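The lines below spell out each chain.
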Amino acid sequence: MAHWLYKSEPFKFSWEKLKSKGAAGEEWDGVRNYQARNNMRAMKIGDKGFFYHSNEGLEIVGITEVCGLSHPDSTAGEDPRWDCVDIRAVCDMPRAVSLKDVKANPKLANMSLVTSMRLSVQPVTEEEWIEVCRMGGLDKPPR
């Protein structure tokens, strides 16, 4: 299983909004970056991810799960280049993990959140997953 990080500005689409969608989840649409799109094309059903509030908050606030494989992005009109996945909320982070705390942790120095700040959909290694979950108070991360 792979792990991911999804960035969203809370005023556009917040963690609370994703949680309100329930088990059906929501299309992770509007991504217009080839690397982020390719990350979504690589996702599998059940892959877990972090939900990160960008611009406001700058923190990981929840755990997500892929519930729909890569498909054409409904916001892309007739442009066939853009795909997205569907994700749903799994659980809150007991303690939000701030960008400042991620950057201060030497175990996370190579995490995409630190090295590729602008990328909206990022891979997360198994080691990074475990460490961020630990920092957020999840001793037994969702699998």
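The rules behind each value
Residues numbered from 1 in each chain as written. Predicted model: local features only at pLDDT ≥ 70, side-chain atom pairs only at ≥ 80, totals over all residues. Heavy atoms only, no water. Helix = DSSP H or I, 4+ residues; strand = E, 2+ residues; numbered from the N terminus. Buried < 20%, exposed > 50% of the residue type's maximum accessible area, 1.4 Å probe, protein only. Contact = heavy atoms within 4.5 Å. Pairing = 2+ DSSP bridges. Salt bridge = Lys/Arg side-chain N within 4 Å of Asp/Glu carboxyl O.

Participant: Sorry if this is basic, but what is going on with the environment of Gly 62 here?
Facilitator: By secondary structure assignment, the location of Gly 62 is in strand β4 (residues 59-72). Gly 62 gets classed as buried once you look at its relative accessible area, which sits at 0%. Separated by 16 residues in sequence, Gly 62 and Gly 46 have C-alpha atoms that sit 15 Å apart. Setting aside residues up to four positions removed in sequence, Gly 62 forms contacts with Trp 15, Gly 49, Phe 50, Phe 51, Cys 91, Asp 92 and Met 93.

Participant: Help me understand the pairing of strand β1 (residues 3-8) in this model?
Facilitator: If a strand is regular, its side chains alternate between the two faces of the sheet. Taking burial as the measure, the six residues of β1 include six buried ones, the bulk of the element. Covered by surrounding structure in β1 are His 3, Leu 5 and Lys 7 together with Trp 4, Tyr 6 and Ser 8, the residues of both alternating faces. Examined bridge by bridge, β1 and strand β3 (residues 48-53) share six bridges and lie parallel to one another. Its bridge partner lying in β3, Lys 7 is registered against Tyr 52. Where β1 lies against strand β6 (residues 121-124), four bridges are found, and the strand directions are antiparallel. Along β6, the bridge assignment pairs His 3 with Val 124.

Participant: How do you make sense of the pairing of β3 when you look at a structure like this?
Facilitator: Burial runs high along β3: six of the six residues are buried. Along β3, one buried face is formed by Lys 48, Phe 50 and Tyr 52 and the opposite face, lined by Gly 49, Phe 51 and His 53, is buried too. By the bridge criterion, six bridges tie β3 to β4 in an arrangement that is antiparallel. Bridged to His 53 within β4 is Glu 59. Adjacent in sequence and paired antiparallel, β3 and β4 are bridged by five residues, among which Asn 55 carries a positive phi angle near 65°.

Participant: How should helix α5 (residues 126-135) be read in this particular structure?
Facilitator: In an α-helix, one turn spans 3.6 residues; hence positions three or four apart end up facing the same way. When we look at burial in α5, the residues that qualify are Glu 128, Trp 129, Glu 131, Val 132, Cys 133 and Met 135. Close packing links the buried residues of α5 with β1, β3, β4, β5 (83-98), α3 (99-104) and β6. Among the residues trailing α5, Gly 137 stands out with phi positive, at a value near 90°.

Participant: What's the story with the pattern of salt bridges in this structure? I'm lost.
Facilitator: Any two side chains of opposite charge can pair, on the condition that their charged atoms come close. Applying the stated criterion to the full structure yields 11 salt bridges. Measuring nitrogen to oxygen at the nearest pair gives 3.2 Å for the salt bridge that ties Glu 16 to Lys 19. In this pair, Glu 16 and Lys 19 are both assigned in helix α1 (residues 15-20), three residues apart and thus about one turn of the helix distant. We classify Lys 19 as partly exposed; its relative accessible area is 30%. The residue Lys 19 makes a salt bridge to Asp 92 at a minimum N-O spacing of 2.9 Å. In this pair, Lys 19 sits in helix α1 while Asp 92 sits in strand β5, placing the two residues 73 residues apart along the sequence. Asp 92 sits in the partly exposed class, given a relative accessible area of 37%. Taken together, the shared-partner salt bridges in this structure form one network comprising Glu 16, Lys 19 and Asp 92.

It is worth stressing that arrangement in space is one thing and function is another; only the former is reported here.
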